[in-house]
Amino acid sequence: MLCVGCLVLPPEAAAEAKTMTISPVFAIPRAVLAPPVITVPATASLGTVQMGQTGVVKLGSVKVTNSLNRSWVATVSVTSFTTGGGSPSETITPSNVSYWSGPVVSKTGPGNFVPGQATASNRVPLSTSRTAFSYNTSLLTNSSVTWQPTLNVSVPATSVAGTYTGTLTHSVA
């Protein structure tokens, strides 16, 4: 037998060959948890409010989109509103600002969507960070919720006239 570049096994080696069984292997991916995402309106305007009065502004839609988390809590906080140099008469402190989340406007997915303050009578001062909305479920599934919060700003009688600005922050974890 003439063979160039061949491997020739003697008959006894061929008889010793063994077979191998390969079992199928399945890779099951782990659920990829992503932190919930919150979207909020960029700005809101209270308009003109007289000293000693309270202004009310609907902030627009706030939405949390959730990917496979069993629970989350959205919080809200506010800075002081200031004008000019921010002296005491040019400052509206967070204790003069109250918030209520309102009820669920829309939702997708199963679970318990719980407003922090479902009605105006439940509004809370933002002198400290507050729960705006929360969610929990026993299922690993996607979900979302939208609400339209309201902000009440009590302008102290000692405030000076001016354009006041501050930052309202919604966050979710």
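This part is about the overall build of the protein. Secondary structure assignment for the protein yields one helix and 14 strands. Across the 173 residues of the protein, 28% fall into the buried class. Taking the intrachain contacts of the protein between residues at least 6 apart in sequence as the baseline, contacts between residues at least 24 apart amount to 76%. Accessible area of the protein: about 10,800 Å², with a carbon and sulfur share of 58%.

This next bit is on unusual backbone geometry. The phi dihedral of Leu68 is positive, around 70 degrees, even though this residue is not glycine. Summarising the element assignment, Leu68 is placed in the loop between strand S3 (62–67) and strand S4 (71–78).

Let us look at the sheet that holds S4. The strand order S9-S11-S4-S14 describes an open sheet built from four strands, whose pairing is antiparallel. The strands lining the two open edges of the sheet, one partner per strand, are strand S9 (112–115) and strand S14 (168–172). Along the sheet, successive strands turn relative to each other by an average axial angle of 10 degrees, direction set aside.

As a further point, take the sheet that holds strand S7 (residues 97–100). In sheet architecture, strand pairing relies on hydrogen bonds along the backbone and comes in two forms, parallel and antiparallel. The strand order across the open sheet built from four strands is S2-S13-S7-S10, with neighbouring strands paired in antiparallel fashion. Taken across any chain shown, the strands that pair with only one partner, and hence form the sheet edges, are strand S2 (54–58) and strand S10 (124–125). Pairing of S7 with S10 involves two bridges; the strand directions are antiparallel. Looking across to S10, one finds that Ser98 is bridged to Pro125.

In this fold, Asn142 is placed in strand S12 (residues 142–147). Ignoring any residue separated from it by four or fewer positions in sequence, one finds Asn142 in contact with Asn66, Ser67, Leu68, Thr108, Gly109 and Pro110. Within the local environment of Asn142, its side chain forms a polar contact with the side chain of Ser67, the two groups lying 3.5 Å apart. Within the local environment of Asn142, its side chain forms a polar contact with the backbone nitrogen of Leu68, the two atoms lying 3.5 Å apart.

By secondary structure assignment, the location of Thr131 is in strand S11 (residues 130–136). Sequence separation of Thr131 and Gly116 is 15 residues, and the distance between their C-alpha atoms is 5.4 Å.

Turning our eyes to something else, we now look at the nonpolar core. Counting residues in each nonpolar core, the largest one holds 24 residues, and the members touching the most others are Trp72, Tyr99, Trp147 and Leu151. Breaking this core down by element, the ones donating at least two residues are S3, S4, S7, S11, S12 and strand S13 (150–154). Looking at this core element by element, the count peaks at four residues for S4. What Trp72 contacts, discounting residues up to four positions off in sequence, is Pro36, Val64, Asn66, Phe133, Ser134, Tyr135, Val145, Val172 and Ala173.

It is worth spelling out the confidence of the model for the protein at this point. Keep in mind that low pLDDT regions are not for reading the predicted coordinates in detail. Per-chain confidence: the protein averages 86 in pLDDT, with 81% of residues scoring 70 or above. Averaged pLDDT values for the elements of the protein fall to 49 in helix H1 (residues 11–15) and rise to 98 in S10. Contacts for the low-pLDDT stretch residues 1–9, under 50 throughout, to residues beyond four places or in other chains number one contact.

Cut-offs and rules
Residues numbered from 1 in each chain as written. Predicted model: local features only at pLDDT ≥ 70, side-chain atom pairs only at ≥ 80, totals over all residues. Heavy atoms only, no water. Helix = DSSP H or I, 4+ residues; strand = E, 2+ residues; numbered from the N terminus. Buried < 20%, exposed > 50% of the residue type's maximum accessible area, 1.4 Å probe, protein only. Contact = heavy atoms within 4.5 Å. Areas by Shrake-Rupley, 256 points an atom, 1.4 Å probe, with all protein chains shown as cover. Pairing = 2+ DSSP bridges. Axes fitted to C-alpha atoms, helices over the stretch in contact; angles between N-to-C directions. Polar contact = N/O pair within 3.5 Å; in protein donor to acceptor, adjacent residues only side chain to side chain. Core = buried A, V, L, I, M, F, W, Y, C linked by side-chain atoms within 4.5 Å. pLDDT = per-residue confidence, 0-100.

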